[in-house]
Amino acid sequence: MSDAPILVDTRDDGVALITLNRPDRLNAMSADLLAQLAGALTAAAADPAVRCVAITGAGRAFSAGGDVKDMAADRRAVTFGGESDEEASGLLARAAQSTTGAIYDLPKPVVALINGVAVGGALGLVLACDVRLASSRARLGTAFRNVGLSGDFGTTYLLPRLVGWGRARELFLSGDLLDAEGARDIGLVTAVYDADSFLDDALAYCAGLAQGPTLAFGRMKANLNFGEGHSLRQALAHEALNQRFSALDHDHHDAAVAFASKQEPVFRGR
Amino acid sequence: MNDTVLVDRRDDGVTLVTLNRPESLNAMNTDLSDALRAALTELADDPAVRCVALTGQGRAFCAGGDVKSMRERSRLEGIGPDGEYHTDVAIRAMQDRQLETSGLLHTMPKPTVALVNGYAIGAGFCFALACDVRLCSEKAKFGMAFRNVGLPGDFGGAYFLPRVVGQGLAREIFFGGEVIDAERARAIGLANHVYPADDFLAEGLAYAGRLAQGPTKALGRMKANLNRSGEGSSLEEVLMSEAINTRMSRDDRDHAGAVEAFIRGDKPVFSGR
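Here is what the cut-offs are and how they apply
Residues numbered from 1 in each chain as written. Chains lettered and ligands numbered in written order. Predicted model: local features only at pLDDT ≥ 70, side-chain atom pairs only at ≥ 80, totals over all residues. Helix = DSSP H or I, 4+ residues; strand = E, 2+ residues; numbered from the N terminus. Buried ≥ 20, exposed ≤ 12 C-beta atoms within 10 Å, placed from the backbone. Contact = placed C-beta atoms within 7 Å. Pairing = 2+ DSSP bridges. Axes fitted to C-alpha atoms, helices over the stretch in contact; angles between N-to-C directions.

K.L.:
How would you explain the overall build of chain A if you had to name every residue and give the values?
P.N.:
A tally of regular secondary structure across chain A gives 11 helices and 10 strands. Dimensions of chain A, computed from C-alpha atoms along their principal axes, come out at roughly 65 × 45 × 35 Å. Buried positions account for 52% of the 270 residues belonging to chain A. For chain A, long-range pairs separated by at least 24 residues make up 67% of all intrachain contacts whose partners lie at least 6 apart in sequence.

K.L.:
Describe helix H6 (residues 165-174) of chain A, with residues and values.
P.N.:
The buried count for H6 of chain A comes to 10 of 10 residues, which makes it a mostly enclosed element. Residues of H6 of chain A that are buried: Trp165, Gly166, Arg167, Ala168, Arg169, Glu170, Leu171, Phe172, Leu173 and Ser174 of chain A. Buried positions along H6 of chain A lie against strand S8 (139-141) and helix H5 (155-163) of chain A together with strand S7 (133-137), helix H5 (157-165), helix H8 (200-212) and helix H9 (216-230) of chain B. Positive phi appears at Gly175 of chain A, one or two residues downstream of H6 of chain A, with a value of about 70 degrees.

K.L.:
Which residues make up the sheet that holds strand S2 (residues 15-20) of chain A, and what values do they have?
P.N.:
Residue and element names in this part refer to chain A. Strand order in the open sheet formed by 6 strands is S1-S2-S3-S5-S7-S10, and the pairing between neighbours is mixed. Strand pairing shows two members of the sheet lacking a second neighbour, strand S1 (6-10) and strand S10 (191-193), which therefore form its edges. Across this sheet, the average inter-strand angle for adjacent strands is 20 degrees, counted without regard to direction. Where strand S3 (residues 52-57) meets strand S5 (residues 110-114), 3 bridges bridge the pair, whose relative direction is parallel. Of the residues in S5, the one forming a bridge with Ile55 is Ala112.

K.L.:
I'd like a rundown of the interface of chain B and chain A, residues and numbers included.
P.N.:
The accessible area lost on association of the parts is a frequent measure of interface size. Residue-level contacts link 48 residues of chain B with 40 residues of chain A. Tallying contributions element by element places helix H10 (residues 235-249) of chain B first for the side of chain B that touches chain A, with 12 residues.

K.L.:
Can you break down the pairing of S7 of chain B residue by residue, with the values?
P.N.:
All names here are of chain B. Counting buried positions along S7 gives 5 out of 5 residues, so the element sits mostly inside the fold. Residues Val133, Leu135 and Ser137 of S7 are buried on one face, and the alternating residues Arg134 and Cys136, pointing to the opposite face, are buried as well. As defined by bridge partners, strand S5 (residues 112-116) adjoins S7 across 4 bridges and the pair is classed as parallel. Residue pairing in the sheet places Val113 in a bridge with Val133 of S7.

K.L.:
Give me the lowdown on the sheet that holds strand S4 (residues 60-62) of chain B, citing residues and values where you can.
P.N.:
Pairing between the strands of a sheet is mediated by backbone hydrogen bonds and can be parallel or antiparallel. Residues and elements named next belong to chain B. As summarised here, the arrangement of the 4 strands in space is S4-S6-S8-S9, forming an open sheet in which the pairing is mixed. In this open sheet, the two edge strands, each paired with only one partner strand, are S4 and strand S9 (179-181). Direction aside, neighbouring strands of the sheet carry axes that sit 20 degrees apart on average. Alignment of S4 against strand S6 (residues 119-121), held across 2 bridges, turns out to be parallel. Residue pairing in the sheet places Ala60 in a bridge with Tyr119 of S6. Along the sheet, helix H4 (residues 123-130) makes contact with S4, S6 and strand S8 (141-143), crossing S6 at roughly 100 degrees.

K.L.:
Tell me about unusual backbone geometry, and please be specific about residues and values.
P.N.:
All names here are of chain A. Of note in this structure, Asn27 is not a glycine but carries a positive phi near 55 degrees. Mapped onto the fold, Asn27 is located in the loop between S2 and helix H1 (31-46). A tally of 30 C-beta atoms within 10 Å means that Asn27 is categorised as buried. Backbone geometry at Phe80 places phi at a positive 60 degrees, although glycine is not the residue there. Relative to the assigned elements, Phe80 resides in the loop between helix H2 (68-73) and helix H3 (85-105). Residue class for Phe80 comes out buried when judged on the 21 C-beta atoms lying within 10 Å of it.

Fair warning: the whole summary comes from geometry, so function is off the table for now.
Quick look at the structure:
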């Protein structure tokens, strides 16, 4: 197995499986890992053969988040370097934008396959995904308070939108860790699979998404993201534009024909 | 100062604020409202206070605006320097009143916990919603009762409730004015935890005590990030807010101490600095 911090497997079924690969450090998010993750996301977004992106972790963790060992060695590591306020916060914001932000905006379904612990900044990556599937061994939490930090990688944007503000504020202030069932109860993950067959079950789910109308999926994401910060009037206009684009897609045309002849549509992502 | 609000600064860093008009179910008249504003303004800025807990004396948390004096209070608040009533003066006074109660509970840079011991009605419901965490006695009852007195609601209810329970439920709760008991409150995410009535204050204060032992500055910055997010900033804007706040925490003693403790395998001990 490669010792690169990010592995990418572009499968025949249209799923690109991205694996965070520092198992000896619980896949902690080093600057190198994040840079390679950003590169893999950019490539997956651009490759028309990729119709769904799945992200998981090698070994027993999804990811432990920021690398506390690095922070102990150099206090600047928490922002990936930088001395002045502007430089340090700029470095961290860019690292987050190129990963959390890229997942959130990626115009294809992105699925988190949460095989184990996902805490801190890694929770932000998980939350940015469209769907979260958990192994029965998954554990999720904010954990930032445990190291005296306020949170990054979009966690304060994304968590309240998923679980409501009351639960989100408590999860930040208390640092409580949720198991897979607890995460499902509050809507943080949508399904829990047995740990033994987790990767197979989760990849089968992703393959289903990869057979969908990929361009329309991308526009659904754009509409949902746009709707977060705009008025109903603006959101309606945005939906209308995207609907107009999709009317020109092969997938829409073929599906309309299949519907009229009472057949199952076959989508090619075009 | 009047005695309609009691302030108990405890050794564990928690300050317990008790609404104290039990004979009127702690309904908010001018005295109580003024005392609550003064108390919250002082506690928000005091670094020795590391968590604020809000509760009510007797069988209610807070029954909301005192209906008996409502019309008269609104008239008095609107009287300008010329001795005449002006609607815009009344509205501005109302806005200040809301910002220094609901607003401060939501934004002060330390955890705020509602210990909902009984009825939380109207503005009382809103005070509970403004807090970061809601802990309920099994006797807690919530009601967005504004419709019963022909009002649309104030003290941030329309801001907070959809964010806590979702738009669909929030509209129903506002329109129906139904009473929500503790179990249902927990089921819809309104109550974070429900405790037996007998142990309620002790359990609630123990929870608040744990929050008071956290990295207070980082917790305040979490709230700032979450509030930016709630106020409609984009993901990109929130990522920058998170980054700036993380940069600030990098220099905190609590962060450095916790990193050292983590490496040793110890539990971190936070001083709030």
